[in-house]
Amino acid sequence: MSAETPAADPGQFHHRRQQFRAWRGTRPFWAGLFVLLGGFPIMYFPYAHLQLGHLTLAMATTAGAGSLIIGVLLVVLGISLWFQKHVRTFAGVAAILLALVSLPVSNFGGFVLGFLFSLVGGAMAVAWAPGEPGLAEPQADEAAPGASGAPEAAPLPGQGTDGMYEPNDLSGTSPANGANGRHSAG
């Protein structure tokens, strides 16, 4: 590096890292990574030839094509968990099922390593739920409900602040709309 070369913006790495962190936080990133990593040993070991000195150990199975298909599908599911977060339940259940099928098909699921990664990743994908954006904190000059020290009852859903039910009660059981629990077909 010469003296004329301008130094890189010191905040650029920090900015990119924060962008990646924000992107990662809005999707089941770790679940996708585990499913992706679980696919590699499942599709690798049936085609691998390990060398132990002068001895070649081939671990080919009769279902080598099946393990290749399972491994590729797990890699695709892992990538889809990163970029299509709305398919998380389907991808998680599919990863769990493919991990279970890999046990008899591909050398005990890639010597249990691929099986465990895929199983844990699939479970994480099914369990992941998108977070809710943080609510803005009330300002100091605005009094929050119940901030005066006295407990206040919050209005029930569908109930106005004056205690009366709103006219758009869709349950059909409100005495205000006269339906008395009976619904019409039209």
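Note: the structure precedes this text.
Described in the following lines is the structure provided in the data block. Since we're looking at a predicted model, the values are computed, not measured. (Residues numbered from 1 in each chain as written. Predicted model: local features only at pLDDT ≥ 70, side-chain atom pairs only at ≥ 80, totals over all residues. Heavy atoms only, no water.)

### A word on the overall build of the protein
Helix and strand content of the protein: six helices and two strands. Listing every helix and strand of the protein by position from the N terminus yields α-α-β-β-α-α-α-α. Here the protein, with 186 residues, has 26% of them falling under the buried criterion. A sequence separation of at least 24 residues applies to 64% of the contacts in the protein between residues at least 6 apart. (Helix = DSSP H or I, 4+ residues; strand = E, 2+ residues; numbered from the N terminus. Buried < 20%, exposed > 50% of the residue type's maximum accessible area, 1.4 Å probe, protein only. Contact = heavy atoms within 4.5 Å.)

### Regarding the packing of helix 2 (residues 29-44) against helix 3 (residues 64-83)
Packed helices, taken two at a time, are described by the angle their axes make and the gap between the axes. Remark: helix 2 packs on helix 3, axes separated minimally by 7 Å, with the N-to-C direction vectors making an angle of 165 degrees. Relative to helix 3, the element helix 2 lies roughly antiparallel. Classified by chirality, the crossing of helix 3 by helix 2 is left-handed. Of the residues in helix 3, those in contact with Phe29, Ala31, Gly32, Leu33, Val35, Leu36, Gly38, Gly39, Phe40, Ile42 and Met43 of helix 2 are Ser67, Leu68, Ile70, Gly71, Val72, Leu74, Val75, Leu77, Gly78, Ile79, Leu81 and Trp82. For the contact of helix 2 with helix 3, the class distribution of residues is 17 nonpolar, six polar and no charged. (Axes fitted to C-alpha atoms, helices over the stretch in contact; angles between N-to-C directions. Parallel < 35°, antiparallel > 145°, perpendicular 65-115°, else oblique. Left-handed = near helix turned anticlockwise from the far one by under 90°. Nonpolar A, V, L, I, M, F, W, Y, C, P; charged D, E, K, R; others polar.)

### As for the packing of helix 3 against helix 4 (residues 88-105)
Across the interface, helix 3 lies against helix 4 with an axial gap of 10 Å and an inter-helix angle of 160 degrees. Judged on the interaxial angle alone, helix 4 and helix 3 are roughly antiparallel. The chirality of how helix 3 crosses helix 4 is left-handed. Of the residues in helix 4, those touching helix 3 at Gly66, Ser67, Ile70, Leu73, Leu74, Leu77, Ser80 and Leu81 are Arg88, Ala91, Ala94, Ala95, Leu98, Val101, Ser102 and Val105. Of the residues contributing to the contact of helix 3 with helix 4, the split by class is eleven nonpolar, four polar and one charged.

### Describing the environment of Ala125
Counting through the fold element by element, Ala125 comes out in helix 6 (residues 113-127). When the C-alpha positions of Ala125 and Pro28 are compared, they lie 6.1 Å apart, and in sequence the two are 97 residues distant. Contact partners of Ala125, with chain neighbours within four places excluded, come to Ala31, Leu81, Arg88 and Gly92.

### Digging into unusual backbone geometry
One non-glycine residue, Val112, lies in positive phi territory at about 65 degrees. Counting through the fold element by element, Val112 comes out in the loop between helix 5 (107-111) and helix 6. The exposure class of Val112 is partly exposed, given its relative accessible area of 37%.

### Examining the environment of Ala94
By secondary structure assignment, the location of Ala94 is in helix 4. C-alpha of Ala94 to C-alpha of Ser118: the two residues are 24 residues apart in sequence and 9.8 Å apart in space.

### Brief notes about a nonpolar patch on the surface
A contiguous nonpolar patch, built from Tyr44, Leu50, Leu52, Leu55 and Leu57 and spanning about 490 Å² of accessible area, is present on the exposed surface. Secondary-structure elements contributing two or more residues to the nonpolar patch are strand 1 (49-52) and strand 2 (55-58). Considering the arrangement of structural elements, one finds Leu52 in strand 1. (Patch = residues over 30% accessible without salt bridge, like charges linked within 9 Å, V, L, I, M, F, W, Y side chains within 5 Å. Areas by Shrake-Rupley, 256 points an atom, 1.4 Å probe, with all protein chains shown as cover. Salt bridge = Lys/Arg side-chain N within 4 Å of Asp/Glu carboxyl O.)

### Thoughts on the environment of Val93
Here Val93 is to be found in helix 4. Separated by 33 residues in sequence, Val93 and Val126 place their C-alpha atoms 6.9 Å apart.

### Describing helix 2
With 16 residues, helix 2 extends 23 Å between its outermost C-alpha atoms, agreeing within 8% with the 22 Å of an ideal straight helix rising 1.5 Å per residue. Within the sequence span of helix 2, burial applies to Phe29, Ala31, Gly32, Val35, Leu36, Gly38, Gly39, Pro41, Ile42 and Met43. Where helix 2 is buried, its residues contact helix 1 (12-25), helix 3, helix 4, helix 5 and helix 6. (Expected span 1.5 Å × (residues − 1).)

### Regarding the pairing of strand 2
As defined by bridge partners, strand 1 adjoins strand 2 across four bridges and the pair is classed as antiparallel. Paired with Leu52 across the two strands is Leu55, which belongs to strand 2. (Pairing = 2+ DSSP bridges.)

Such coordinate-based values are descriptive only and should not be taken to indicate function.
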